[in-house]
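In case you want the letters, here they are:
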Amino acid sequence: MEKMNRRKFLTLVGVGSGAVAAGAMLSGAGLFGGPSGDKSSGTFSFRAVTGLPGGALPSYASYVVQGNVNMAARSGVVARAVYAGYPGAMTTIALPRLSQVVRVTDVREAEGTVDITGVIDDASQLRPGEDAVVQLRVDRSRGTAWTRFLGQPVELRLQT
Amino acid sequence: MADHLDEPGLSPPGGDPSIDITDVYAFKKSGQDKSILVMAVNPLTLSPTFNHRALYQLAIDTNGDARADIAFNITFSKPSSAQRVKVRRARGDDARENEPEGRTVISGPTDTVVTRGRYKLFAGRRSDPFFFDLAWFLAGLPLPHPTGVDFFALANVDAIVLEVPNSALGTNPDVRIWGRTLLPEDDDDDEDDDDDGDEDDHDDDFVQIERMGRPAINTVFMSGARKREFNRSSPHNDPAEFTADVVGVLTTLGGALGGTSHTAAAAAGLAGILLPDTLTYNYSSGGGFLNGRRLDDDVIDIELGIVTNGARTTDGVGVHGDLLAAFPFLGPPH
């Protein structure tokens, strides 16, 4: 299978040039490592994965949420994407029109839990009726993250 | 998905979307003693062309034992110049070989409708006729159903469309059909000294990479490594090898979705219908799925009701508007 670089991937998933820039920013911030914090700069990065669908159906794809947040400035970027392949056999094939870039608008931290609020500025990344405002929670003590996919709560595992 | 990207991380000699079967269709040509057979590959057109090293096969079982008695073996030339396609028809033991056996029935350039005798052929890029709200499935089929969004509305595939006289499917009108893709066991593109790019240049020893009959069988019922095992196996072994997987989903899914799951006995009965994974098709009938599969059959709605025991009955999306009334029937690519 053709190897994809990051720019090609972001183009494939159809999230536009703004998202490409966001992806580049995330990559440059060392996003692809595990959850990490840098107190000197006040940044916090994470990457979390879970299988979709969950529950009684066999997982077919992987939902990847990865972010880079400036705790002090309460800003940052979170990317959410669905890749073909269940966790453990995930491919680099991002399913088109299922990727979203979230601009972080607020961050709150308490007892190891980071609550992130953001907004999806590109309306083309939203389904009809989908709320542009996004909530995420990263629980470092439990090694999990939480968000919604198509309005359904999804718990993801932080990658270390 | 129907069968799109059903084996994540295909390892060599796979790892190639051009041999990833997305759908198989079989339906009667209206008013004629002919059938249309379709095998679509290359989900989301991640690959530029058909794989000239691969063997694409439409297998036909004429006696109900889920073993091929007739096979249409389809091969392609190198895509360096205009790619050509050749279809051979094999019978009996030859149909069960992992080789491009058989007598050539039609050949020609890709992306062109070719006619030879009572056969007609098109192989090339088309609009993906499959329709499904994939995101809703990935979200776990929640209710109330959000506004349906067809994930495949703008997707393309590479399709092999073959019009055949029904007599080419055998004398018994009740047949089983499935698609297979195979690659040379030693898939080294540079080692064939005789490879001059013709569609006749193919190594003899092929291994099966992928197979599909009805839509979503692998996607819905097989977990993890079982997906690959399913793709590598043969329909006649399905009842023995995969019934437990199917029963496992059928006895849990309806309840997990807030409805009532199938009983073990009912699930076993349904598994006996869903397996072997072949399209059952009576070529004298114009009826659709589960008699063959027409391009506009809402197979997801049909299967949802069956699999969830009525807990879900529709994904809220319908047939594409770009289907053609005439051969090759699939709409032009986007």
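On a predicted model such as this, the values are computed, not experimentally measured, just so you know.

Cut-offs and rules
- Residues numbered from 1 in each chain as written.
- Chains lettered and ligands numbered in written order.
- Predicted model: local features only at pLDDT ≥ 70, side-chain atom pairs only at ≥ 80, totals over all residues.
- Heavy atoms only, no water.
- Helix = DSSP H or I, 4+ residues; strand = E, 2+ residues; numbered from the N terminus.
- Areas by Shrake-Rupley, 256 points an atom, 1.4 Å probe, with all protein chains shown as cover.
- Pairing = 2+ DSSP bridges.
- Bend = angle between axes of the 7 residues up to and from the residue.
- Buried < 20%, exposed > 50% of the residue type's maximum accessible area, 1.4 Å probe, protein only.
- Contact = heavy atoms within 4.5 Å.
- Buried area = accessible area lost by both parts, 1.4 Å probe.
- Salt bridge = Lys/Arg side-chain N within 4 Å of Asp/Glu carboxyl O.
- Axes fitted to C-alpha atoms, helices over the stretch in contact; angles between N-to-C directions.
- Parallel < 35°, antiparallel > 145°, perpendicular 65-115°, else oblique.
- Left-handed = near helix turned anticlockwise from the far one by under 90°.
- Nonpolar A, V, L, I, M, F, W, Y, C, P; charged D, E, K, R; others polar.
- Core = buried A, V, L, I, M, F, W, Y, C linked by side-chain atoms within 4.5 Å.
- Lys, Arg positive; Asp, Glu negative; His and termini not counted.
- Polar contact = N/O pair within 3.5 Å; in protein donor to acceptor, adjacent residues only side chain to side chain.
- pLDDT = per-residue confidence, 0-100.
- Phe/Tyr/Trp six-rings, centres within 6.5 Å; stacked < 30°, edge-to-face > 60°.

K.L.:
Could you clarify how one ought to interpret the overall build of chain A in this entry?
P.N.:
Each helix and strand counted, chain A has two helices and nine strands in total. For chain A, the N- to C-terminal ordering of α and β elements is α-α-β-β-β-β-β-β-β-β-β. By element, 51% of the accessible surface of chain A is carried by carbon and sulfur atoms, the whole surface being about 7200 Å².

K.L.:
I tried to follow the pairing of strand E8 (residues 144-149) of chain A on my own but got confused; where do I start?
P.N.:
For a regular strand, side chains alternate in direction, first toward one face of the sheet and then toward the other. All names here are of chain A. Two elements, strand E7 (residues 133-139) and E8, share three bridges in a ladder whose sense is antiparallel. Pairing of Asp139 across the sheet is with Thr144, part of E8. As judged from the six bridges shared by E8 and strand E9 (residues 152-158), these two strands associate in the antiparallel manner. Bridge assignment links Phe149 to a residue of E9, and that residue is Gln152. Following E8, the chain reverses through two residues before pairing antiparallel with E9; Leu150 in that reversal takes a positive phi of roughly 50°.

K.L.:
Would you take a moment to explain helix H4 (residues 238-250) of chain B for this structure?
P.N.:
An α-helical turn contains 3.6 residues, so any two residues separated by three or four positions project in the same direction. Residue and element names in this part refer to chain B. Along H4, the helix axis deviates most sharply at Ala244, where the bend reaches about 30°. Buried within H4 we find Asp238, Phe242, Asp245, Val246, Val247, Val249 and Leu250. On its buried side, H4 packs onto strand E11 (206-212), helix H2 (217-221), helix H3 (226-232), helix H5 (253-256), helix H6 (264-274) and helix H7 (299-307).

K.L.:
What am I meant to see in the pairing of strand E3 (residues 61-70) of chain A here?
P.N.:
All names here are of chain A. With respect to burial, E3 is a largely interior element, nine of its ten residues being buried. Note that strand E2 (residues 43-52) and E3 share ten bridges and pair antiparallel. Paired with Leu52 across the strands is Ala61, a residue of E3. Across ten bridges, the pairing between E3 and strand E4 (residues 75-84) is antiparallel. Bridge assignment links Tyr63 to a residue of E4, and that residue is Val82. In sequence, E3 turns back onto E4 through a hairpin of four residues, with Arg74 there showing a positive phi of about 55°.

K.L.:
Which parts of the structure should I look at to understand the interface of chain A and chain B?
P.N.:
Accessible area lost when the parts come together is the quantity often used to give the size of an interface. Taken together, the contact pairs 28 residues of chain A with 37 residues of chain B. Taken as a group, Leu57(A), Tyr60(A) and Arg127(A) account for 26% of the area that chain A buries against chain B, more than any other trio of residues on that side. Our count for the chain A to chain B interface comes out at one salt bridge. Of the charged contacts, one joins Asp133(B) and Arg127(A) as a salt bridge, the two residues approaching to 2.9 Å between their closest N and O atoms.

K.L.:
Explain the packing of H4(B) against H6(B) to me, please; I cannot follow it from the model alone.
P.N.:
Working note: a packed helix pair is described by the angle between its axes plus the distance between those axes. Residue and element names in this part refer to chain B. It is at 9 Å that the axes of H4 and H6 come closest, and there the two elements cross at 130°. When the axis of H4 is compared with that of H6, the two are oblique. Between H4 and H6 lies a crossing of right-handed hand. Across the interface between the two elements, Thr243, Val246, Val247 and Leu250 from H4 touch Ala267, Ala268, Leu270, Ala271 and Leu274 from H6. Residue composition of the contact of H4 with H6, by class: eight nonpolar, one polar and no charged.

K.L.:
Explanation requested: the nonpolar core in the structure shown.
P.N.:
One broad rule of soluble globular proteins: the nonpolar side chains tend to lie buried together. With 120 residues, the main nonpolar core has Leu95(A), Phe149(A), Tyr56(B), Phe72(B), Leu138(B) and Phe221(B) as its most contacted residues. Among residues more than four places away in sequence, those in contact with Leu138(B) are Leu52(A), Pro53(A), Tyr60(A), Ala61(A), Val82(A), Leu95(A), Leu98(A) and Phe149(A).

K.L.:
I'm lost on the side chain of Asp150(B) in this one. Help?
P.N.:
Mapped onto the fold, Asp150(B) is located in the loop between helix H1 (134-138) and strand E9 (156-165). For the buried Asp150(B), which has no salt bridge, the nearest side chain bearing the opposite charge is Arg97(A), at an N-O separation of 7.7 Å. Among the polar contacts listed, one links the side chain of Asp150(B) to the backbone nitrogen of Phe132(B), at a separation of 3.1 Å. Leave out the neighbours within four places in its chain, and Asp150(B) touches Phe130(B), Phe131(B), Phe132(B), Val317(B), Gly318(B) and His320(B).

K.L.:
What am I meant to see in unusual backbone geometry here?
P.N.:
Among all residues except glycine, the phi angle is most often negative; among peptide bonds, the trans geometry is most common. For the bond from Phe289(B) to Leu290(B), the omega torsion is 15°, close enough to zero to count as cis. Tracing the sequence through the fold places Leu290(B) in the loop between strand E12 (279-282) and H7. Residue Phe327(B) is joined to Pro328(B) through a cis peptide bond whose omega torsion reads 10°. Mapped onto the fold, Pro328(B) is located in the segment after H7. Despite not being glycine, Arg97(A) has its phi angle at roughly 65°, a positive value.

K.L.:
Whenever I open this one, the sheet that holds strand E2 (residues 34-41) of chain B confuses me. Can you help?
P.N.:
What holds strands together in a sheet is hydrogen bonding between their backbones, with the strands either parallel or antiparallel. All names here are of chain B. The strand order E1-E2-E9-E8-E7 describes an open sheet built from five strands, whose pairing is antiparallel. Sheet topology places strand E1 (21-28) and strand E7 (114-116) at the edges, where each strand pairs with a single neighbour. When the angles between neighbouring strand axes are averaged without regard to direction, this sheet yields 15°. Here E2 pairs with E9 via eight bridges, running antiparallel. Of the residues in E9, the one forming a bridge with Ile36 is Glu163.

K.L.:
Whenever I open this one, the confidence of the model for chain B confuses me. Can you help?
P.N.:
When pLDDT drops low, the exact placement of atoms in the prediction is not to be read closely. All names here are of chain B. On average, residues of chain B carry a pLDDT of 92, and 92% of them reach 70 or more. Here residues 190-194 is modelled with pLDDT under 50, and outside its nearest four sequence neighbours on either side it reaches five contacts, counting other chains as well. What the predictor reports for the complex is a pTM of 0.88 with an ipTM of 0.85.

K.L.:
I keep staring at the packing of aromatic side chains and nothing clicks. Help me out?
P.N.:
By convention here, two paired aromatic rings are described through the distance between centres and the angle between planes. With the rule as written, the count across this model stands at 13 aromatic pairs over all chains. Between Phe44(A) and Phe46(A), the ring centres sit 5.8 Å apart and the planes meet at 25°, which makes this aromatic pair stacked. This pair shows no difference in class: Phe44(A) is buried, exactly as Phe46(A) is. For the pair Phe230(B) and Phe242(B), a centre-to-centre distance of 5.0 Å together with 70° between the ring planes defines the contact as edge-to-face.

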